[in-house]
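# Chains, contacts and geometry: an overview
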Amino acid sequence: MVERHARDPQHRHAALQFQRLGRMSVRRVGTNALFCSAALATIFLAKQLVERSCYILSLQSRKTVERQMHLFQRHGHCIREAQALVKLSGIDGVPPLVDFFEANGTAYIATEYVLSATFSDYIDDSGGKLAPEEALLVLRPLFSTLAAVHERGVLHLDVSPDNILIGADLTPYLIDFGTAGALDTRRRESSLKDGYSAPELYSVHFPPTVRSDVYSLGAVLYRAVTGFRPPSAPERARGHALAVIPETLETALCAAMSLSPARRPASIRAFADILGL
C-alpha cells in the first residue's frame, strides 16, 4: 500500500485510478474498502512497475533507504514513519517498507500489502466484543511484535484497534508509525487518541516510555473484551470508572492501565507474563 500524507482529503490524487505514481502504478482505495482514508493519509493499492529480486514488493536495503531520507525533510510525519520502518525491518508483525518517494508536492510511503481488516472492524464483526480467550489468542503475537519494537529503541505511541490489522490467517500487524519516537523523546504530537493514549502523553512535563505503550495495548485488550472504548485518561483522572472487566483479565488490565506509569508492568513482556502468555 502507499500512504499519501496530505491534510486536504480532497487533494487532487483522490481521482487517481490505476495511474503512474513514481515507480508504481496505483489505484485509490475507497472508504468502504479494507484500507481507507485516515486523518493524514490516503491509502492506495499499488504495484511496482519494475520488479526487484523477482518479488514485486521487495524491500530495499537499509543503506539505500537511508540515502533517500533527504527527500522527506519537508514532510515530518512521513519521514518519522519511514525512519521507524527502516529501523524495524525484519520484525514479524510490522509490514516492511518497500519504497518511499516525493511526487506531486507531497510524500509517499509504500509498505507491503496485507489483506486484512482493522482490529476494530474484527471486533465489530464478532458482535462488538470478544471472549477473553479469543482476544488473547488473536493479540498474543502482537505482544512479541511490540516488545521487539521496543528492543530496537522505538516507541509506537499510537497503539489502538485502528492501527492493528488482522490478516486472513488471524496474524496481527502493527501499523502507522507516524508518531513513533525514540525512547528518550519528549516530542508531543496532535495525535492523542482518547481512550488509548496514556495519561503522560497529555502532558509536556513527562516523557513517554515503554509503559506508555503498555497502557495503550492494555486499552486495546480492554476494548476487545468489554465492548467499550476506555474513558480517556483525563476522564479517568476526573473519576470516570472503567467498565466491568472479565475476572480472568482484571488484575492484568488494571495494572497495565494504571494512571501512574510506575504502577504499570515495566515492559510488554512483563505485561504478557501477568496475562500468562
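How each quantity is defined
Numbering of residues begins from 1 in every chain and follows the order in which that chain's sequence is written. Residues qualify for local features only when their pLDDT is at least 70, as the model is predicted, and side-chain atom pairs are given and counted only at 80 or more; totals for whole chains, interfaces and linings, by contrast, use all residues. Water and hydrogen atoms play no part in the side-chain values, which are based on all heavy atoms of the structure. Burial here depends on accessible area, computed with a 1.4 Å probe over protein chains only, as a share of the maximum for the residue type. Under 20% is buried, over 50% is exposed, and the range in between is partly exposed. For the purposes of this entry, the term helix denotes a DSSP run of H or I that reaches at least four residues, the term strand denotes a run of E that reaches at least two, and both are numbered from the N terminus. What the arc describes is the spread of directions from the helix axis to the C-beta atoms. Residue contacts are defined here by distance: any two heavy atoms, one from each residue, within 4.5 Å place the two residues in contact. Two strands are said to pair when DSSP picks up at least two bridges between them. To obtain each axis, a line is fitted to C-alpha atoms, and for helices this fit is confined to the stretch in contact; angles are then taken between N-to-C directions over 0 to 180 degrees. Whenever Lys or Arg places a side-chain nitrogen within 4 Å of a carboxyl oxygen from Asp or Glu, that contact is recorded as a salt bridge. Whether a set of points on the 1 Å grid over the protein atoms alone is a cavity depends on a 1.4 Å probe fitting there but being unable to get out, while an open set qualifies as a pocket with protein on both sides within 12 Å along at least five of seven lines; lining residues are those with an atom within 4 Å of a point. Grid points are joined across faces, edges and corners, and a volume is the space filled by probe spheres set on the points. Gly is placed with the polar residues, together with every amino acid not listed as nonpolar (Ala, Val, Leu, Ile, Met, Phe, Trp, Tyr, Cys and Pro) or charged (Asp, Glu, Lys and Arg). Confidence scores here are pLDDT values: one per residue, from the predictor, ranging 0 to 100. Reported orientations rely on four angle classes, namely roughly parallel under 35 degrees, roughly antiparallel over 145, roughly perpendicular from 65 to 115, and oblique for the rest. Here is the rule for handedness: rotate from the far helix to the near one, and if that takes an anticlockwise turn smaller than a right angle the crossing is left-handed, while a clockwise turn gives right-handed.

Moving on: helix α7 (residues 247–256). Those residues of α7 not exposed but buried are L249, A252, L253 and A256. In an axial view of α7, the angular spread of the buried residues amounts to 95°, which keeps them on one side of the axis. Of the residues in α7, the exposed ones pointing more than 90 degrees away from the buried face are E247 and T251. At its buried positions, α7 is contacted by α4 (132–151), α5 (210–226) and α8 (268–275).

Take the sheet that holds strand β7 (residues 116–118) next. The strand order across the open sheet formed by three strands is β7-β9-β10, and the pairing between neighbours is antiparallel. Two strands in the sheet have a free side with no partner beyond their single neighbour: β7 and β10 (172–174). Neighbouring strand axes in the sheet, compared pairwise and without regard to direction, differ in orientation by 30° on average. Of the strand pairs in this sheet, β7 and strand β9 (residues 164–167) are connected by three bridges, and their pairing is antiparallel. Each residue of the ladder has a partner; that of A117, found in β9, is I166. In the packing of α4 onto the sheet, the strands contacted are β9 and β10, and the crossing angle to β10 comes to about 35°.

Close approach of charged atoms lets side chains of opposite charge pair. One pass over the full model with this rule turns up four salt bridges. R223 is paired through a salt bridge with D124; the nearest N and O atoms lie 3.2 Å apart. Separated by 99 residues along the polypeptide, R223 in helix α5 and D124 in helix α3 (residues 119–125) bring together distant segments of the chain. On the accessibility criterion, R223 (11% relative accessible area) is buried. Under the relative-accessibility criterion, D124 is labelled partly exposed at 43%. Across the salt bridge formed by E151 and R269, the nearest N and O atoms sit 3.1 Å from each other. Here R269 lies in helix α8 and E151 lies in helix α4, a separation of 118 residues in the sequence. With relative accessibility at 58%, the residue E151 sits in the exposed group. By relative accessible area, which is 42% here, R269 ends up partly exposed.

Estimates place the volume of the second largest pocket at around 170 Å³. As for the second largest pocket, its lining consists of 14 residues, of which I91, D92, G93, V94 and Y173 are closest to the centre. At the level of secondary structure, the elements contributing two or more residues to the lining of the second largest pocket comprise α4 and β10. Here the lining of the second largest pocket is composed, by residue class, of eight nonpolar, four polar and two charged.

In this model, the chain carries a mean pLDDT of 75, and residues with pLDDT of at least 70 account for 64%. pLDDT under 50 marks residues 24–44. Its contacts with residues more than four places away, or in other chains, come to 77 contacts. Scored below 50 in pLDDT, residues 46–75 shows 66 contacts in the model against residues more than four places distant or in partner chains.

So, on to the environment of P161. By the secondary structure assignment, P161 is in the loop between β8 (154–155) and β9. Its relative accessible area of 5% is what places P161 among the buried residues. Note: C-alpha distance between P161 and T118 (43 residues apart in sequence) is 6.6 Å. Once residues lying within four places of it in the same chain are set aside, the contact partners of P161 are T118, F119, S120, Y196, V220 and R223.

With that settled, consider the packing of α7 against α8. Interhelical geometry of α7 versus α8 gives an angle of 160° and a closest axis separation of 9 Å. As the angle between them shows, α7 and α8 are arranged roughly antiparallel. As for how α7 packs across α8, the hand of that crossing is right-handed. Taking contact as the criterion, the partners of L249, A252, L253 and A256 in α7 are, on α8, F271, I274 and L275. Among the residues forming the contact of α7 with α8, the class breakdown is seven nonpolar, no polar and no charged.

All right, on to the packing of α5 against α8 then. Here α5 crosses α8 at 35°, and the two axes come no closer than 9 Å. For the pair formed by α5 and α8, the contact residues are V210, D213, V214, L217, G218 and L221 on the first element and I268, F271 and L275 on the second. The class makeup of the residues in the contact of α5 with α8 is seven nonpolar, one polar and one charged.

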